[in-house]
Amino acid sequence: MAGCTGNSSETGEEGPADTANSPSSGTEANSSGTSTFDAWLSDTGNYSSVADKTGASEVTVSVGAQGNNGAYAFAPPAIEISTGTTVLWKWTGKGGNHDVVAQNSSFESELQSTEGATFEHTFDDTGTYKYYCTPHRAMGMKGGIVVK
């Protein structure tokens, strides 16, 4: 598990967490073709839509953002990116220990609480990736990434 306190790249086998676009899988396609995470993020207090970050080479997601009755959220909670984009999760230092764990085990950070700590992963394969914070998953600290 690399990349928790610095800007090191997490490499390794990755793949889509969920390639089916059906409501029972937790994702569905809307009219623009963008996958949404309505079922997966139904208990995530700060989720309203998927943020379009396509075309960016790097996208930052805050860890320990305000949501779910405290600093227990990712912000933005759901993003759409292009293949080859690096997602940089950056800890706010709020809400205690957090981690970033892919539902399909393609990436995982260590627990961290230090403000400014980072973890990054480059998404080379298209698909839908769901992730969560282990200690706060039940509170709704979850996120999603659509890679196009």
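Each residue is numbered by its place in its chain's sequence as written, counting from 1. Since the coordinates come from a predicted model, pLDDT governs what is reported: local features require at least 70, and pairs of side-chain atoms require 80 or more to be given and counted, while whole-chain, interface and lining totals use all residues. The basis for the side-chain values is all heavy atoms of the structure; hydrogens and waters are excluded.

(A) Molecular detail of the overall build of the protein chain. Broken down by element type, the protein chain carries zero helices and 12 strands. Ordered by position from N to C terminus, the α and β elements of the protein chain give β-β-β-β-β-β-β-β-β-β-β-β. Only protein chains enter the area calculation, which uses a 1.4 Å probe; residues under 20% of their type maximum are buried, those over 50% are exposed, and those in between are partly exposed. Counting over 148 residues, the protein chain shows a buried share of 49%. Contact definition: two residues touch when any of their heavy atoms are within 4.5 Å. For the protein chain, the share of sequence-separated contacts (at least 6 apart) that also reach a separation of at least 24 residues comes to 67%. Reported accessibility uses the Shrake-Rupley method at a 1.4 Å probe radius. Residues are deemed covered only where the shown protein chains occlude them. Here the protein chain displays about 6500 Å² of accessible surface, and carbon together with sulfur accounts for 43% of that area. For helices the rule is a DSSP run of H or I covering at least 4 residues; for strands it is a run of E covering at least 2, with both sets numbered from the N terminus onward.

(B) Spotlight on the packing of aromatic side chains. Stacked, edge-to-face and tilted are the three classes for Phe, Tyr and Trp ring pairs, Trp counted by its six-membered ring, which pair at centre distances within 6.5 Å; planes under 30 degrees apart are stacked, over 60 edge-to-face, the rest tilted. Evaluated as defined, the whole model comprises seven aromatic pairs. Seen from their ring centres, tryptophan 89 and tyrosine 131 are 5.4 Å apart, and the 80° between their planes marks the pair as edge-to-face. Here tryptophan 89, found in strand β8 (residues 85–91), pairs with tyrosine 131, found in strand β11 (residues 127–132); they are 42 residues apart in sequence, far enough to count as distant. Classification of tryptophan 89 as buried rests on a relative accessible area of 0%. An aromatic cluster of three or more residues is present, and its members are Phe74, Trp89, Phe107, Phe119, Phe123, Tyr129 and Tyr131. Counted as over-ring charges are cases with an Arg CZ or a Lys NZ within 6 Å of the ring centre that also lie within 35 degrees of the ring normal. Note that arginine 137 overlies the ring of tyrosine 132, its terminal NZ or CZ placed 4.2 Å from the centroid.

(C) The arrangement of the pattern of salt bridges in detail. For this analysis, a salt bridge means a side-chain nitrogen from Lys or Arg found within 4 Å of a carboxyl oxygen belonging to Asp or Glu. Under the counting rule described, the total for this entry stands at two salt bridges. The shortest N-O distance in the salt bridge between lysine 142 and aspartate 43 comes to 2.8 Å. Of the two residues, lysine 142 sits in strand β12 (residues 142–147) while aspartate 43 sits in the loop between β3 (35–36) and β4 (51–52), which places them 99 residues apart along the sequence.

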